[in-house]
Amino acid sequence: LSGSTGDLGLKCDLPKGGVYLWVKLPTGIDGRELLKEVQKAGVTFIPGYVFYPQSHRGNDHIRLNFSYPTEKEIETGMAEICEKIRQTLLNFQNK
């Protein structure tokens, strides 16, 4: 995550095991809306809200799988996610 994401304020704790990364999105970025945008480019992830069925939490998190995609697919997917976040943040600043 550190390569292309440092300027975005994404936060992630390195897992001690498992096959997923939990990523906290920058303030104002909704995981559901981000998913809709990146899916247009063939990228997918699990938005955090699905893990909180009894509340309105998790919109500011996404869960990324790193066990199935290739390293190249991960790089391409992260580039797309980061670009959509940058565009959204820029739109916020211009309003």
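Above: the structure in question.
A brief report on the enclosed structure follows. Nothing here was measured: the structure is a model prediction, and the numbers come from that model. (Residues numbered from 1 in each chain as written. Predicted model: local features only at pLDDT ≥ 70, side-chain atom pairs only at ≥ 80, totals over all residues. Heavy atoms only, no water.)

Description of the overall build of the chain
What the chain contains, in helices and strands, is 3 helices and 4 strands. Secondary structure of the chain in N-to-C order comes out as α-β-β-α-β-β-α. Against the 2.2 N^0.38 benchmark of 12 Å for 95 residues, the chain shows a C-alpha radius of gyration of 13 Å, consistent with a compact globule. Structurally, the chain occupies a C-alpha span of about 40 × 35 × 25 Å along its principal axes. Put simply, the chain has 95 residues, and 28% of those count as buried. Within the chain, contacts between residues at least 6 apart in sequence are counted, and of these 59% link residues at least 24 apart. Within the structure as shown, the chain displays about 6,600 Å² of accessible surface, and the carbon and sulfur contribution to it stands at 52%. For the chain, the distance from the average position of its 12 positive side-chain charges to the average position of its 11 negative side-chain charges is 6 Å. (Helix = DSSP H or I, 4+ residues; strand = E, 2+ residues; numbered from the N terminus. Rg over C-alpha atoms; globule rule 2.2 N^0.38 Å. Buried < 20%, exposed > 50% of the residue type's maximum accessible area, 1.4 Å probe, protein only. Contact = heavy atoms within 4.5 Å. Areas by Shrake-Rupley, 256 points an atom, 1.4 Å probe, with all protein chains shown as cover. Lys, Arg positive; Asp, Glu negative; His and termini not counted. Charge placed at Lys NZ, Arg CZ, Asp CG, Glu CD.)

Section: the packing of aromatic side chains
To describe a pair of aromatic rings, you give the distance between the ring centres and the angle between the ring planes. On inspection of all chains with the given rule, the structure shows 1 aromatic pair. Look at W22 and F51: their rings are 5.1 Å apart centre to centre, the planes differ by 70 degrees, and that puts the pair in the edge-to-face class. With W22 in strand β2 (residues 20–24) and F51 in the loop between β3 (46–47) and β4 (61–65), this pair connects stretches of sequence that are 29 residues apart. Owing to a relative accessible area of 35%, W22 belongs among the partly exposed residues under this scheme. A cation over an aromatic ring shows up here: R63 above the ring of Y20, its NZ or CZ 3.6 Å from the ring centre. (Phe/Tyr/Trp six-rings, centres within 6.5 Å; stacked < 30°, edge-to-face > 60°. Lys NZ or Arg CZ within 6 Å of the ring centre and 35° of its normal.)

Notes on the sheet that holds β2
One open sheet accounts for 4 strands, arranged β1-β2-β4-β3; its pairing is antiparallel. Edge positions in the open sheet fall to β1 (11–12) and β3, since each of these has one partner strand only. Of the pairings in the sheet, the one linking β2 to β4 comprises 5 bridges and is antiparallel in character. Paired with L21 across the two strands is L64, which belongs to β4. (Pairing = 2+ DSSP bridges.)

Here's the deal with the pattern of salt bridges
A full pass over the atoms with the stated rule returns 4 salt bridges. Taking the shortest distance from any N to any O, the salt bridge between D60 and K24 comes out at 3.2 Å. Taken together, the positions of D60 in the loop between β3 and β4 and K24 in strand β2 put the pair 36 residues apart, joining distant regions of the chain. Judged by relative accessible area, D60 falls into the partly exposed class, the value being 28%. Residue E80 is joined to K84 by a salt bridge in which the shortest nitrogen-to-oxygen separation is 3.7 Å. Remark: K84 and E80 occur in helix α3 (residues 71–94); sequence separation between them is 4 residues, near one turn of the helix. The class of K84 is buried, set by a relative accessible area of 17%. (Salt bridge = Lys/Arg side-chain N within 4 Å of Asp/Glu carboxyl O.)

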